[in-house]
Amino acid sequence: MTTAELRETPLFGEHTALGAKIVPFAGWSMPVQYPTGILEEHRAVRTAAGLFDVSHMGEIELRGPDAEALVQHLITNDITRTAIGQAQYAVMCREDGGAIDDCIVYRFADRFMIVVNASNRDKDRDWIVAQAKDHDVQVKDISDDIALLALQGPLASDILAGLTGADLDAIRYYHFTEGEVDGAGAIISRTGYTGEDGFELYIEADAAVGLWRALLDAGQARGLRPVGLGARDSLRLEMGYALYGNDIDENRTPLEAGLGWVTKLDKGPFAGRDALQRQKEAGVRERLVGFTLRERGFPRHGYPVRWNGQIVGEVTSGLHAPSLEMGIGMAYVPVAAAKPGTTLDIMIRDRPCPAEVVRTPFYKHGSVRR
């Protein structure tokens, strides 16, 4: 895809005005970092707050008498366990159990909204439409009408409180409300991808610039910074959160990816259930694990992983973690090598760097866990 063909979010002009470095990502021109740099942006989110433009994400709306039944068929999790005003993390699978995408489902009084990854928007929409053919449901891709801002960090609630009359303390983790922020109608969701407390704000696209500026102004004295894709990646990896396309894809099942906790095989039929049930009974052969380097190094995506002298996989995500000052990463390894404490070698420029399998999250002090 050429630069001319890349899409731009409603905030593209704000990013360029702030001096952001723009890169292609999932078909979009997106800010990877601002002049202060990735490390400063990362630290701001861990200690104060950061503001992200994630308007490239996709939103698909389902309405109608069979909407809940369709959602239940589409996802691995059990949507019947949610109440109005609650969100749920899940995976959508093919019939063979391969992960089409991971997503968040929002339950409203009159509809559901499925938030999908930008790179999968068209694929996911087409899959949902195909699965809806026997259901009385209206499926609508509302992505172009929506902008999505993520305000993340231990001071996020304090910053947002000055711009909304919503009772933020009443919004529990993975719950949401509808209200106004700086005069714009918004879905205010206590969710995020950083391990810190914070909110994701779904607003009309034409309100994005005004709200972006208002949030930056409100948070300036508290250390709020705009944050790009670079720190978004380092923050999510420190928490062991999977990135679709790296750590999970159609060739992997949620059971292999460590997402058995959102795979409810006892809820009844859903797309991929039979294949996943067979895999669970037989036992997975490989599992996604986290690892830390025992020596200084940078475990990049694609580096080979060696166990007992044999190459058994490759790094799916890896970096030098700013909050931990060590190399961390994730990789699929044989089940026999997936136990915490197992020694691996990460081949960095053909040199073995010893690593240890560990439980995630790597970073255990995020405000979202307090």
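These figures come from a predicted structure and were not determined experimentally.

J.: Sorry, what's going on with the overall build of the protein chain here?
T.: Scanning the protein chain for helices and strands turns up eight helices and 20 strands. Computed over C-alpha atoms, the radius of gyration of the protein chain comes to 21 Å, within 12% of the 21 Å expected from 2.2 N^0.38 for 370 residues, which places it in the range of a compact globule. For the protein chain, the C-alpha atoms occupy an extent of roughly 60 × 50 × 45 Å along the three principal directions. Here the protein chain holds 370 residues, and 57% of them are scored as buried. Partitioning the intrachain contacts of the protein chain with sequence separation of at least 6 by distance along the chain shows that 66% fall at a separation of at least 24. Summed over its atoms, the accessible surface of the protein chain is roughly 15800 Å², and 47% of this surface lies on carbon and sulfur atoms. Between the mean site of the 40 positive side-chain charges and the mean site of the 52 negative ones, the protein chain shows a separation of 7 Å.

J.: Would you mind showing me how to read the sheet that holds strand β20 (residues 351-358) here?
T.: Read around the closed barrel, the six strands follow the order β15-β18-β17-β16-β19-β20; overall the barrel is antiparallel. Direction aside, the axes of adjacent strands within the sheet are offset by 40° on average. Alignment of strand β15 (residues 286-293) against β20, held across four bridges, turns out to be antiparallel. Opposite T292, over in β20, you have E356 as the bridge partner. Lying on the sheet, helix α7 (residues 229-238) is in contact with β17 (310-321) and β18 (326-334); it crosses β17 at an angle near 120°.

J.: Got a minute to help me understand the packing of aromatic side chains in this structure?
T.: Aromatic rings in a pair are described by how distant their centres are and how their planes are angled relative to each other. A complete count under the given rule lists six aromatic pairs for this structure. Between Y89 and W261, the ring centres sit 5.9 Å apart and the planes meet at 25°, which makes this aromatic pair stacked. One end of the pair, Y89, is in strand β6 (residues 86-93); the other, W261, is in the loop between α7 and α8 (273-282), with 172 residues separating them in the sequence. Here Y106 and F176 contribute two aromatic rings whose centre-to-centre distance is 5.2 Å and whose plane-to-plane angle is 70°, an arrangement assigned as edge-to-face.

J.: I'm lost on the packing of helix α2 (residues 38-47) against α7 in this one. Help?
T.: Following both chains from N to C, one finds α2 and α7 inclined at 50°, their axes separated by 8 Å at the closest point. Accordingly, the angle class assigned to the pair α2 and α7 is oblique. The element α2 and its partner α7 pack so that their crossing is right-handed. Where α2 approaches α7, its residues I38, E41, H42, V45 and R46 are matched on the opposing element by G230, A231, S234, L235 and E238. Of the residues belonging to the contact of α2 with α7, the class tally is four nonpolar, three polar and three charged.

J.: Got a minute to help me understand the nonpolar core in this structure?
T.: A general tendency of soluble globular proteins is for nonpolar side chains to be buried together. If you look at the biggest cluster of nonpolar residues, it comprises 44 residues, and the most contacted ones within it are F52, Y106, M113, Y202, I248 and L259. The set of elements that each furnish at least two residues to this core consists of β6, β7 (99-107), β8 (112-116), β10 (146-152), α7, β17 and β18. Among the elements that make up this core, the one with the highest residue count is β6 (four residues). Residues in contact with M113, not counting those within four places in the same chain, are E59, I60, I104, V105, Y106, F108, I142, I187 and Y202. Membership of the second largest hydrophobic core comes to 29 residues, among which are A147, I188, A208 and L211.

J.: Looking at this structure, I do not really get unusual backbone geometry. What am I missing?
T.: Among all residues except glycine, the phi angle is most often negative; among peptide bonds, the trans geometry is most common. Residue P361 follows T360 across a cis peptide bond; omega there is 10°. Looking at where P361 falls in the secondary structure, it is placed in the segment after β20. Of note in the backbone geometry, A26 takes a positive phi value of approximately 55° without being a glycine. A positive phi angle, close to 70°, is found at D350, a residue other than glycine.

J.: Whenever I open this one, the side chain of R190 confuses me. Can you help?
T.: Its location among the elements puts R190 in the loop between β12 (184-189) and β13 (198-204). Taking the relative accessible area as the measure of exposure, R190 reaches 11% and is therefore buried. Beyond its immediate chain neighbours, meaning those up to four positions away, R190 contacts S157, L168, D169, I171, R172, Y173, Y174, H175, D197, G198 and F199.

The rules behind these values
Residues numbered from 1 in each chain as written. Predicted model: local features only at pLDDT ≥ 70, side-chain atom pairs only at ≥ 80, totals over all residues. Heavy atoms only, no water. Helix = DSSP H or I, 4+ residues; strand = E, 2+ residues; numbered from the N terminus. Rg over C-alpha atoms; globule rule 2.2 N^0.38 Å. Buried < 20%, exposed > 50% of the residue type's maximum accessible area, 1.4 Å probe, protein only. Contact = heavy atoms within 4.5 Å. Areas by Shrake-Rupley, 256 points an atom, 1.4 Å probe, with all protein chains shown as cover. Lys, Arg positive; Asp, Glu negative; His and termini not counted. Charge placed at Lys NZ, Arg CZ, Asp CG, Glu CD. Pairing = 2+ DSSP bridges. Axes fitted to C-alpha atoms, helices over the stretch in contact; angles between N-to-C directions. Phe/Tyr/Trp six-rings, centres within 6.5 Å; stacked < 30°, edge-to-face > 60°. Parallel < 35°, antiparallel > 145°, perpendicular 65-115°, else oblique. Left-handed = near helix turned anticlockwise from the far one by under 90°. Nonpolar A, V, L, I, M, F, W, Y, C, P; charged D, E, K, R; others polar. Core = buried A, V, L, I, M, F, W, Y, C linked by side-chain atoms within 4.5 Å.

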